[in-house]
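A closer look at the structure
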Amino acid sequence: MAQFFMIHPDNPQARLIREAVKILREGGVVAYPTDSCYALGCMLGDKDAMERILEIRGVDLKQRLMTLVCHDLSELANYAKVDNSQYRLLKSTTPGSYTFILQATREVPRRTLHPKRATIGLRVPDHKVTLALLEELGEPILSCTLMLPGDEEPLSDPYEIRERLEHQVDAVIDGGWCGTEPTTVVDMTDGVNLVREGKGALAPFGF
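Presented here is an overview of the structure given in this document. (Residues numbered from 1 in each chain as written. Predicted model: local features only at pLDDT ≥ 70, side-chain atom pairs only at ≥ 80, totals over all residues. Heavy atoms only, no water.)

What follows deals with the environment of His127. Assignment of secondary structure puts His127 in the loop between strand E6 (119-123) and helix H5 (128-137). Classification of His127 as buried rests on a relative accessible area of 10%. A sequence separation of 31 residues divides His127 from Gly96, and the C-alpha atoms of the two residues are 8.5 Å apart. Look past the residues within four positions of His127 in its chain and what remains in contact with it is Pro33, Thr34, Asp35 and Gly175. For His127, the side chain forms a polar contact with the main-chain nitrogen of Val129, separated by 3.2 Å. (Helix = DSSP H or I, 4+ residues; strand = E, 2+ residues; numbered from the N terminus. Buried < 20%, exposed > 50% of the residue type's maximum accessible area, 1.4 Å probe, protein only. Contact = heavy atoms within 4.5 Å. Polar contact = N/O pair within 3.5 Å; in protein donor to acceptor, adjacent residues only side chain to side chain.)

Printed below as a string of structure tokens:
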């Protein structure tokens, strides 16, 4: 049975954040809120937990749905190769509802990368619960959107998430409503290219 944490979206309770992070560190899979929609997350280096997430989603790793969710831009730079112009653009748009496709560094496990391009999706969300989890954890969360096979939209009700996934995840974090619109995805590996229009505004990129 999944543990259920009701965490205030504006003033996250430190004790509950520590308990949720303990579950992650022990190899757990957690459903948690972000600034775009709910997500499934685990530790970056935990292959078994990552495979559980892919099983829940009903996909395989070849579909490249996994993203590194980082606490801030300095942490993101540990996992992606970023030049000066990219850094300025990232600085102006983070935290926010964006996923950036970037060249990965050696800090990222090969199994999470695009097989031909060695790229990874990274983001810095604008959500206090997510940022509190990341600060306590001290490293990124390997994540993907919480959308189940056959559904047309991501799950957005934490009580429904618990009902449908109580035997598949280790914890559900109720951080309130965060919508169902996914992030805007921007590929920055060769120029700046729009992959998917989502919640993040397009104006900063000139699209």
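So much for the structure itself; the text now carries on.
If you walk through the whole model with that rule in mind, you get seven salt bridges. The closest approach of N and O atoms between Arg123 and Asp35, which form a salt bridge, is 2.3 Å. With Arg123 in strand E6 and Asp35 in the loop between strand E2 (30-32) and strand E3 (39-43), this pair connects stretches of sequence that are 88 residues apart. Of the two residues examined, Arg123 and Asp35, each falls in the buried class. Salt-bridge contacts for Glu51 lead to Lys47; the nearest nitrogen and oxygen are separated by 2.5 Å. (Salt bridge = Lys/Arg side-chain N within 4 Å of Asp/Glu carboxyl O.)

Turning to the environment of Glu135, a few remarks are in order. Mapped onto the elements, Glu135 comes out in helix H5. Residue Glu135 is classed as exposed on the basis of its relative accessible area of 58%. Separated by 96 residues in the primary sequence, Glu135 and Ala39 place their C-alpha atoms 17 Å from one another.

Since the α-helix packs 3.6 residues into each turn, any two residues three or four apart lie on the same face. Of all ten residues in H5, seven are buried, a share of seventy percent or more. Residues of H5 that are buried: Val129, Thr130, Leu131, Ala132, Leu133, Leu134 and Leu137. Those residues of H5 hidden inside the fold are in contact with helix H1 (14-25), E2, E3, strand E4 (67-69), strand E7 (141-145) and strand E8 (171-174). Residue Gly138 follows H5 closely and has a positive phi angle near 80 degrees.

With respect to topology, ten strands assemble into an open sheet ordered E1-E8-E2-E3-E7-E4-E6-E5-E9-E10, the strand pairing being mixed. In this open sheet, the two edge strands, each paired with only one partner strand, are strand E1 (3-6) and strand E10 (193-196). With direction set aside, neighbouring strand axes in the sheet form an average angle of 30 degrees. Judged from the three bridges that link them, E4 and E7 form a sheet pairing that is antiparallel. The partner of Leu68 across the bridge, within E7, is Leu142. Those strands touched by helix H2 (residues 47-57) are E3 and E7, and its axis lies near 160 degrees from that of E3. (Pairing = 2+ DSSP bridges. Axes fitted to C-alpha atoms, helices over the stretch in contact; angles between N-to-C directions.)

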